[in-house]
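Residue-level structure breakdown
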Amino acid sequence: MECGNYSMGVTPATPATQPLRGQPLRGPAWTLAQYHHVAQHLRAIRQSCGINQPEFARQLQIRQSHIPRWELYGTLPSIKTLERIAAILDGAGYVPPPELKGWTIAQAMQAVSTLPTNSATYVALRVNEGTIRNWRRGTLPQLDLLLRVEAYIAQQRRERAS
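Computed from a predicted structure; not experimentally measured.

Here's the deal with the overall build of the chain
Broken down by element type, the chain carries 9 helices and 0 strands. Along the chain, helices and strands appear, N-terminal first, in the series α-α-α-α-α-α-α-α-α. Here the chain holds 162 residues, and 41% of them are scored as buried. If you take every contact in the chain between residues at least 6 apart in sequence, the share linking residues at least 24 apart comes to 73%. For the chain, the computed accessible surface area is about 9,000 Å², with 51% contributed by carbon and sulfur atoms.

As for the nonpolar core
Among the nonpolar cores identified, the biggest contains 40 residues, and Phe56, Ile85, Leu89 and Trp135 are the most heavily contacted of them. Filtering out sequence-adjacent residues up to four positions away, Trp135 remains in contact with Met109, Val112, Leu115, Leu125, Val127, Pro141, Leu145 and Val149.

What to know about the confidence of the model for the chain
When pLDDT is averaged along the chain, the result is 79, and 83% of the positions lie at 70 or above. Confidence, expressed as mean pLDDT per element, reaches its minimum in the chain at helix H6 (residues 105-112) with 84 and its maximum at helix H3 (residues 53-60) with 92. Predicted confidence is poor over residues 4-25, with pLDDT under 50, and the contacts of this stretch with residues over four places away or in other chains come to 51 contacts.

Describing H6
Buried within H6 are the following residues: Ile105, Ala108, Met109, Ala111 and Val112. Looking straight down H6, one finds that the buried residues subtend no more than 155° of arc, so they occupy a single side. Exposed and facing more than 90 degrees away from the buried side of H6 are Ala106 and Gln110. Structurally, H6 contributes buried residues whose contacts are with helix H1 (32-40), helix H5 (79-91), helix H8 (129-136) and helix H9 (143-161).

Observations concerning the side chain of Thr31
Of note, Thr31 is situated in the segment before H1. Sequence-distant contacts of Thr31, that is, excluding residues within four places in its chain, are made with Leu100, Lys101, Gly102, Trp103 and Thr104.

Considerations on the environment of Leu146
With respect to the element layout, Leu146 can be found in helix H9. According to the relative accessible area criterion, Leu146 is buried, its value standing at 0%. Placed 34 residues apart in sequence, Leu146 and Val112 show a C-alpha to C-alpha distance of 8.6 Å. Aside from chain neighbours lying at most four places away, what touches Leu146 is Leu32, Ile79, Ala108, Met109, Val112 and Pro141.

A short note on the packing of aromatic side chains
Applying the stated criterion to the full structure yields 2 aromatic pairs. Taking the centre distance of 5.5 Å and the plane angle of 50° together, the rings of Trp30 and Tyr35 count as tilted. Neither Trp30 nor Tyr35 differs from the other in exposure class; each is buried. Measuring from centroid to centroid gives 5.8 Å for Trp30 and Tyr94, while their planes differ by 70°, and the two rings are edge-to-face. Note that Trp30 is positioned in the segment before H1 and Tyr94 in the loop between H5 and H6, a separation of 64 residues in sequence.

Conventions used here
Residues numbered from 1 in each chain as written. Predicted model: local features only at pLDDT ≥ 70, side-chain atom pairs only at ≥ 80, totals over all residues. Heavy atoms only, no water. Helix = DSSP H or I, 4+ residues; strand = E, 2+ residues; numbered from the N terminus. Buried < 20%, exposed > 50% of the residue type's maximum accessible area, 1.4 Å probe, protein only. Contact = heavy atoms within 4.5 Å. Areas by Shrake-Rupley, 256 points an atom, 1.4 Å probe, with all protein chains shown as cover. Core = buried A, V, L, I, M, F, W, Y, C linked by side-chain atoms within 4.5 Å. pLDDT = per-residue confidence, 0-100. Arc of directions from axis to C-beta. Phe/Tyr/Trp six-rings, centres within 6.5 Å; stacked < 30°, edge-to-face > 60°.

Okay, structure coming up:
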């Protein structure tokens, strides 16, 4: 079976090697929708790539207890952890569904810098002023918040166009 059962002609490769301690393991430039898909289907994707939980935890440099939280209870890993997961899965030959279009993390963070600072924005995104200020300083929001920002800005653009 092909890794992830979504790839076309990609043979699973050796999993990505563990980086040196303290060095980032960056993933491919996936869209937010692709990251979300991986987060929602992590167990099936990980298993189809032939990576067990202990090995996955070792490569991510985390405790193994985090993995069941994501796989069984639906909590989302942080953006930084999702980037590391993407790098490991990419090294194992996983290809996310190409039809999942949208922003990359870099594009989303650029869009955050253009958000208006008013109460309508805070209400629409269900955040407070301090949260957006932290984003602008470079703190990565959780994936679900970035997806809300993407939808909010798309809606704002549609309203301005009409």
